[in-house]
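Commentary on secondary and tertiary structure
This is what each chain is made of:
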Amino acid sequence: MATAAGTTTEWSRRRSLTWRAVARGAVPYALVAPVVAVMGAILGYPIYSLVRISLDRYGLFELIQHKGVYIGLKNFGSVLHDGVFWHTLVRTIVFAAANVGLTMVFGTLIALLLVKVSAWVRLLLTAGLVLVWSMPPVVAVQVWNWMTNSENGVLNYILTELHVGNYFQHNWYTTPFSQLSMVTTLIVWAAIPFVTITVYAALSQVPRELIEAAEIDGARSWRVFLDVTVPVITPVLLILTSLSILWDFGVFTQPYLLIGQPHINTGNYLMSIYLFEQGYVSANFGRGAAISILMLVIVAAMSVVYVRRMIRIGEVT
Amino acid sequence: MNVRNSHRTAWNVVGVALFVVMIFPVFWMVSTAFKRDDQITALTPTWFPLHPTLRHFRDALAKPFFWTDVKNSVIIVLVTVGIAMVLAFLAAVALSKYHFTGRKLFIVLVIGIQMLPGAGLIIPLYVVLARYHEVNTLTGVILVYLTGALPFSVWTLRGFMLGIPKELEEAAMVDGSTRFGAFARILLPLVAPGLVATSVFAFITSWNEYIFARILLNDSSKQTVTVWLSYFLGSLRQTDYGALMAASTLTAIPVVIFFLLVQRRIAFGLTAGAVRG
């Protein structure tokens, strides 16, 4: 009797232990479940639909019917045989490269300048950068519209006064190159603060003793810079560059609003605008879905470096 | 020493010049908003509004739908941020305090989704929302904003939680608290600044968003303030730049205030991993 009772308690205790272990193991899953469920519904399901729609003829009629007509890979075929797609792709790559290059070079140089200046200048410049960083994109576009308008924009006035040339009533939005150049000035201006402040944070992690030791050893300052400073900030520069590439490749708001919807045409399309015009505006959702998939694949390929690096950070910590 | 000082002076001059160039567009926006019309249209610009006027602000505020659209923006942003914070907080606890099978996949998705370009998702989100009659509703926009706010908040909150020393939590457990008790009494107060910073940043991102609000909301009475501002130029040949700059200033003010409050923390949160890696 006594033994039996003892065994039962033992057994039930063990069972409750297992249960507790299982319950404890289930806790993290219970914690992530809401996010997974919501993301599955609002993003997973749409992406599944995206693949389905890309294989359909799907226009306004099909949108109302909630059902497309299966046409296989025809959407992809027509996009890939469209000269506009390839021109837009090349233009977007060149545009993104120019923006990223300028942002990274200026952003890094200003960060290096922050190390050199007196404390009050550093404070002033940082405050200015943070203010610029906080400007909403649509607000910045409207300010650019005002500053660069041909009739009495302050840009033309300043350039003329500085004797850069005669820019009296110069219109900056006549050719695709000059339109996109204005977009670039806007994007680079807005993106510099994030790069500068991040690189400066990395620079302040360079051990001072290391620099001093190198200087005592008689190393020249640029040698110190190359051997001590550069290795410390390289990982940060890599991450910032890949992030900038992704952002600038997919940018929509600034070019769409600054060039202005009536002036958007096949000659100044960027990838996201091409997709917007040919998929959404012309209500050809099947074709738009095919363009979306091509764009997402390109971006995914570009982001592999960044994502892998971030995952490594996520795993270690 | 003298050479060093003169070098520093030269760098200071460059620094101040850069400050002037960078800040100029913001200065020009605010300055224009306060100028009289004749100073705005003149070919020779007036640099400072010596006789400031509030007329442009009154004009901007009197434009149709400004307050309606501000209200829409506030509703969308508050609901988005509220839902995102609660759900993301739970997931961030799982990521920072537990090791579990599938954790790596979850991290890959959280980071990967943030890399997707918004434009690439226009078509699927529009079509799916149309299927459930959520086009031209605030709910539809909130759902779309959650696709971005959730992964961002999970990842950022995780970063803040890692900063909390495990010993503190363990000390509370030894005291006889349950894991939940430890969580409520120790973890929550410590993570509160992170929660505030993350929600403010999610707030700003949603407030600034343009493309989905533009696509999903067709009625002027249902738009957000960003879309309202983008239509401001209108089709008139003679643009009222004074009112446009006043409206831009008004749209930017809440963002600037919030941004200044949390910028330090978020800059840390975004780059902590990067610097450490």
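Residues numbered from 1 in each chain as written. Chains lettered and ligands numbered in written order. Predicted model: local features only at pLDDT ≥ 70, side-chain atom pairs only at ≥ 80, totals over all residues.

**What to know about the overall build of chain B**
Within chain B, the regular secondary structure consists of twelve helices and zero strands. Going from the N terminus to the C terminus, chain B shows its helices and strands as α-α-α-α-α-α-α-α-α-α-α-α. Put simply, of all contacts in chain B between residues at least 6 apart along the chain, 76% involve residues at least 24 apart. (Helix = DSSP H or I, 4+ residues; strand = E, 2+ residues; numbered from the N terminus. Contact = placed C-beta atoms within 7 Å.)

**Re the interface of chain B and chain A**
Each partner contributes residues to the interface: chain B has 82 residues there, and chain A has 83 residues. For the side of chain B that touches chain A, the secondary structure elements donating two or more residues are α1 (2-33), α4 (66-97), α5 (103-115), α6 (122-131), α7 (138-162), α10 (211-216), α11 (225-230) and α12 (241-276) of chain B. Looking at the side of chain B that touches chain A, the element that brings in the most residues is α12(B), giving 17 residues. Of the residues in the side of chain B that touches chain A, the class split is 61 nonpolar, 17 polar and four charged. (Nonpolar A, V, L, I, M, F, W, Y, C, P; charged D, E, K, R; others polar.)

**Concerning the domain arrangement of chain B**
All names here are of chain B. Split into domains, chain B comes out as domain 1 (2-53) and domain 2 (65-276). Elements represented by at least two residues in the side of domain 1 that touches domain 2 include exactly α1 and α2 (37-41). When residues of the side of domain 1 that touches domain 2 are assigned to their parent elements, the largest contribution, four residues, is made by α1. Partitioning the side of domain 1 that touches domain 2 into residue classes produces four nonpolar, one polar and two charged. (Domains from an automatic or database assignment.)

**Looking at the packing of helix α5 (residues 119-133) of chain A against helix α8 (residues 176-203) of chain A**
All names here are of chain A. Running from amino to carboxyl end, α5 crosses α8 at an angle of 130°, the nearest separation of the two axes being 8 Å. Judged by the inter-axis angle, α5 sits oblique to α8. In terms of crossing hand, the pair formed by α5 and α8 is left-handed. Contacts between α5 and α8 involve Leu-129, Val-130, Val-132 and Trp-133 from the first element and Trp-189, Ala-190, Pro-193, Phe-194, Thr-196 and Ile-197 from the second. Classifying every residue of the contact of α5 with α8 gives nine nonpolar, one polar and no charged. (Axes fitted to C-alpha atoms, helices over the stretch in contact; angles between N-to-C directions. Parallel < 35°, antiparallel > 145°, perpendicular 65-115°, else oblique. Left-handed = near helix turned anticlockwise from the far one by under 90°.)

**Details of the nonpolar core**
Core analysis: the biggest nonpolar cluster contains 157 residues, and A:Leu186, B:Ala88, B:Ala91 and B:Ile122 have the highest contact counts within it. At 16 residues, α8(A) tops the list of elements feeding residues into this core. Both domain 1 (2-53) and domain 2 (65-276) of chain B contribute no fewer than three residues apiece to this core. With residues near it in sequence (within four places) discarded, B:Ala88 still touches A:Val35, B:Leu150, B:Ser153, B:Val154 and B:Leu157. (Core = buried A, V, L, I, M, F, W, Y, C linked by C-beta atoms within 7 Å. Buried ≥ 20, exposed ≤ 12 C-beta atoms within 10 Å, placed from the backbone.)

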